[in-house]
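Residue-level structural notes
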Amino acid sequence: MNLDFETSAAIELSKVGVYKYTTHSSFRITTLLYKLNDDPQYYRWVGFYHPELNKKGTLKAPDNLVNAILAGEEIIGWNVSFERHCIAWMALQDPRLANVPLEQYVCTMQRAAIVGLPLGLANCGAAVRCHVQKDMDGKRVMLQTAKPRNGVSLTRTETVRRPKKGDAELTWYTRDSDPGMYATLDSYCLLDVKSEIAIANKLPEMTRGERLVALADARINNRGIPVDRPALERALQLINFVKEDGDRQISELTDGAVPKATALPKLKEWLALNGVEMDAVNKQTIPLALSRTDLTPQVRAVLELRLEGGASSISKVQTMLQHCCADDRLRGQFQYSGAHTGRYAGRGSQPQNFFKGWGLEEQHTPFDAAPPEQTKFFELLMQDKPVEQIAADLRAEFGNLVNALKNSLRGYFKAPEGYDFYVCDFSGIENRVVAWLADEEILLETFRKNGDPYITTAAGIYGVPPEEVTKAQRQLGKVCVLAAQFGQGPSGFQATCKTPWGIDISLKEARATIKGYRETYSNLKKFWYNLYQAMLSSVATGQSYNVGKLWTEYDGTSLKILMPSGRRIYYWNPVVKEHLAPWSYHHLTLNFKPTEDQIEEWGIQELGDHWKLRDMDAKEFKSAVAKDQYSLGEYVSKYCFQLFHEKSHNNGWPHIDKEDPSHVHSTWHGVAVENVTQAVARDVLAEAVLRIERAGYELIGYVHDELIALVPRNDKTKSYEDFERIMLQTPKWCAGLPINGEGYVATRYRK
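Here is a short report on the structure shown in this document. Quantities reported herein were computed from a predicted structural model and do not represent experimental measurements.

Now for unusual backbone geometry. The amide bond that connects Thr499 to the next residue, Pro500, takes the cis arrangement and shows omega of 20°. Relative to the helices and strands, Pro500 is located in the loop between α21 (490-498) and α22 (507-520). Here Asp439, not a glycine, exhibits a phi torsion of approximately 55°, which is positive. Secondary-structure assignment places Asp439 in the loop between α17 (429-437) and α18 (441-448).

As a further point, take the side chain of Asn407. As for its position among the elements, Asn407 is in helix α16 (residues 401-408). Within the structure, Asn407 has its side chain in polar contact with the backbone oxygen of Asn403 (distance 2.9 Å). Other than its neighbours up to four places away in sequence, Asn407 contacts Phe355, Gly357 and Trp358.

For the rest of this paragraph, the subject is the sheet that holds strand β18 (residues 630-636). With antiparallel pairing, the four strands of this open sheet are ordered in space as β16-β17-β15-β18. Edge positions in the open sheet fall to β16 (605-607) and β18, since each of these has one partner strand only. Each strand axis lies, on average, 40° off the axis of its neighbour in the sheet, ignoring direction. With three bridges joining them, β16 and strand β17 (residues 610-614) adopt antiparallel strand pairing. Directly across from Gln605, in β17, lies its bridge partner Lys612. Taken strand by strand, helix α25 (residues 615-624) contacts β15 (585-590), β17 and β18, and its axis lies near 105° from that of β17.

Our focus in this paragraph is helix α19 (residues 453-462). Most of α19 sits out of view: seven of its 10 residues are buried. Inspection of α19 places Pro453, Tyr454, Thr456, Thr457, Ala458, Ala459 and Ile461 among the buried residues, and these make up the whole buried set. If you follow the buried residues of α19, they end up packed against α17, α18, α20 (471-484) and α22. The N-cap residue of α19 is Asp452: its side-chain oxygen and the backbone nitrogen of Tyr454 are 2.8 Å apart. Of the residues flanking the end of α19, it is Gly463, one or two places downstream, whose phi is positive at about 65°.

Strand order across the open sheet formed by six strands is β11-β12-β13-β14-β19-β20, with antiparallel pairing between neighbours. At either end of the open sheet lies a strand with only one pairing partner, and these are β11 (545-547) and β20 (665-667). For this sheet, the mean inter-axis angle between neighbouring strands, taken without regard to orientation, is 40°. Bridging between strand β13 (residues 558-562) and strand β14 (residues 568-580) involves five bridges; their strand directions are antiparallel. Of the residues in β14, the one forming a bridge with Leu559 is Tyr571. Contacts between helix α23 (residues 522-541) and the sheet are confined to β11, β12 (550-554), β13, β14, β19 (639-646) and β20, with β12 contributing the most and set at about 25° to the helix.

What follows concerns the pattern of salt bridges. As enumerated under the stated definition, the model contains 41 salt bridges in all. Across the salt bridge formed by Asp186 and Arg44, the nearest N and O atoms sit 2.6 Å from each other. On the criterion of sequence distance, the pair formed by Asp186 in helix α7 (residues 179-200) and Arg44 in strand β3 (residues 43-45) is long-range, its members being 142 residues apart. Between Arg248 and Asp245 there is a salt bridge whose closest N-O contact spans 2.5 Å. Taken together, the residues span about one helical turn, with Arg248 and Asp245 both in helix α9 (residues 229-253) at a distance of three residues. What you see here is one network of salt bridges that share partners, running through Glu210, Arg567, Arg682 and Asp683.

In this section: the pairing of strand β1 (residues 2-8). Here β1 lies mainly inside the structure; seven of its seven residues are buried. Residues of β1 alternate between two faces, with Asn2, Asp4, Glu6 and Ser8 on one and Leu3, Phe5 and Thr7 on the opposite face, all of them buried. Examined bridge by bridge, β1 and strand β2 (residues 28-35) share seven bridges and lie antiparallel to one another. Residue pairing across strands places Leu3 opposite Tyr34, the latter belonging to β2.

The next subject is the side chain of Asp178. Within the secondary structure, Asp178 is located in the loop between α6 (136-145) and α7. You can call Asp178 buried: its relative accessible area is 12%. Residues within four places of Asp178 in sequence aside, it is in contact with Arg149 and Tyr173.

Another point: the packing of aromatic side chains. Under the criterion given, the structure shown has 26 aromatic pairs. Residues Trp45 and Phe48 carry aromatic rings whose centres are separated by 4.9 Å and whose planes lie at 85° to one another, so their mutual orientation is edge-to-face. The class for Trp45 is buried, based on a relative accessible area of 4%. The ring of Tyr42 carries Lys194 above its face, with NZ or CZ at 5.4 Å from the centroid. The positively charged end of Arg748 is found above the aromatic ring belonging to Phe378, 3.9 Å away from the centroid.

About the thresholds
Residues numbered from 1 in each chain as written. Predicted model: local features only at pLDDT ≥ 70, side-chain atom pairs only at ≥ 80, totals over all residues. Heavy atoms only, no water. Helix = DSSP H or I, 4+ residues; strand = E, 2+ residues; numbered from the N terminus. Polar contact = N/O pair within 3.5 Å; in protein donor to acceptor, adjacent residues only side chain to side chain. Contact = heavy atoms within 4.5 Å. Pairing = 2+ DSSP bridges. Axes fitted to C-alpha atoms, helices over the stretch in contact; angles between N-to-C directions. Buried < 20%, exposed > 50% of the residue type's maximum accessible area, 1.4 Å probe, protein only. Salt bridge = Lys/Arg side-chain N within 4 Å of Asp/Glu carboxyl O. Phe/Tyr/Trp six-rings, centres within 6.5 Å; stacked < 30°, edge-to-face > 60°. Lys NZ or Arg CZ within 6 Å of the ring centre and 35° of its normal.

Below, the structure written as structure tokens:
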């Protein structure tokens, strides 16, 4: 069956998530449209009877719907998690619907996501060329009827609507009072069901393996992450105090010219009047300004207060509390196949984006104590003292309070009494995967011996034995491994070294480093271009091509890369076009003789009595050389082929123009290799999820390449060593991939 619900509640779905939304006391179903399997008719149900809100409702759910569900008919919907929770709510009044098996639900959105299509119904319809009619009146009515008639607008921190001033209670749109609105709503809901069915008919079927991965994701989201609610509530009090106290101090320090930390135009104006010109006043620019030695005490204090009061990352404390269910668990925090490559994404508080926080510098066993900073923070936070005294104690211990709060974010995930977190993380999985895909034996051997790939890389770049690599050389080797493995060039590498790594190198050094990297790992460089050439050739000829452990395929609609696991990643409606290459160049005449260092720094090449200036080097050259010191001559055009394809963009899905595809997304060799690397790493993680679940461990989350389980301390059938052993097994399809990892046991989550 295919079905779609429309609902209403005083609580805001987008702020609290579906788990908390459908269990709120004000929640109710206003419309259900459904179509049973092999039945051409569409059925409508208007919800349960209520003497005031729904006199047209029924005492029980529709018999034909219940019978079909009890007979095991698949329940199909777009983002079917919502439908699942609505049916669970229905079961509270009609017990016949209790305990519907999770396996009975099939999500069309997940079927779209795993093949790289958008998660929005309309955009997905555009992508598969299935016209989804947009009923804007219906959407407007849906949004109106989903909330109280007289509810006040929510502030940023509120989640439940209150009655307007003068009203004793909330009032609602009903079928009796607003029949026209509900007729529009019913039509809107029917259109959604028809659109979902039409789109589903155009999607590839989900493989059995992916179906198991999607079901595991649902179980993980259902279990939820246990949190320390009292600590979250205290932290929120602290944050509010810091902001209010900071605003008061800023107003006093500026004699009222700047009323609060977030009044940026007034703040910049006041700073300028006090000798500090700043285009932006944020976490990137303030530390630079604070490094000045000529700041007055007032200016320094104001900048420090702005740094505390303007931090947005600590808003995650508010988000965690908003999503926290009655049993102190965060549910629905992870999205199956949230990325084009199939990787999981974050939702709600988005644990993937948590600040790294405190860790242990030297971790010798998985059972090391918690980081002392984390332990001290929560001791001070939970003191029985006024919040202003707690703030003072934390400042005395940690200095910058906002940094301490950011570092504490992971620690609010806390195992209940008698339980532990088992946490294990794949070590450098993407570095290992790309070396395995490219058959880059130097790197593979380093990983097999549990060596340091950063030292191996630095040794190759600098031409020295590994034991002679210095700390600075290793750091550059690390940046190179993380950036250059996906084709980054000298300019990009120089920028990456600067931000976020804080390493200043010249363009000459960047060129030498990239050259050394590519010479050291020549198989990796060949792999970039071989894969990209195969992708272009498949689109051009319609044939399949083998590149090592991968195959490229094209069916006239999508370009696919078949990975070793048997899964495919998709590029929709691709076009190959010839375009101007970045190695096109101008003939360049210099009014001076450049030094060897300048030639290397600028990337210019000698052509008889003049020089070659490539487009890819022109920006750096022109920023370094005065205009009166050179002249540009003949332009020599070079061309190459590039792959264009459709992709989500600006909340839409632009269709490709085969004659001029430049307005849609283009993919180059580095991105293609990054895609397959990320996809293979994701498949390794997904198989680990299934193995661990089969072994009886209850996973509660995944953060990047890390798995988190909640384990009873008195369960003698389970151990961290067993958990890690299961996770780090190598799947049969990636034999030879040197997998490794490490983790810990803790009651508070950390890095």
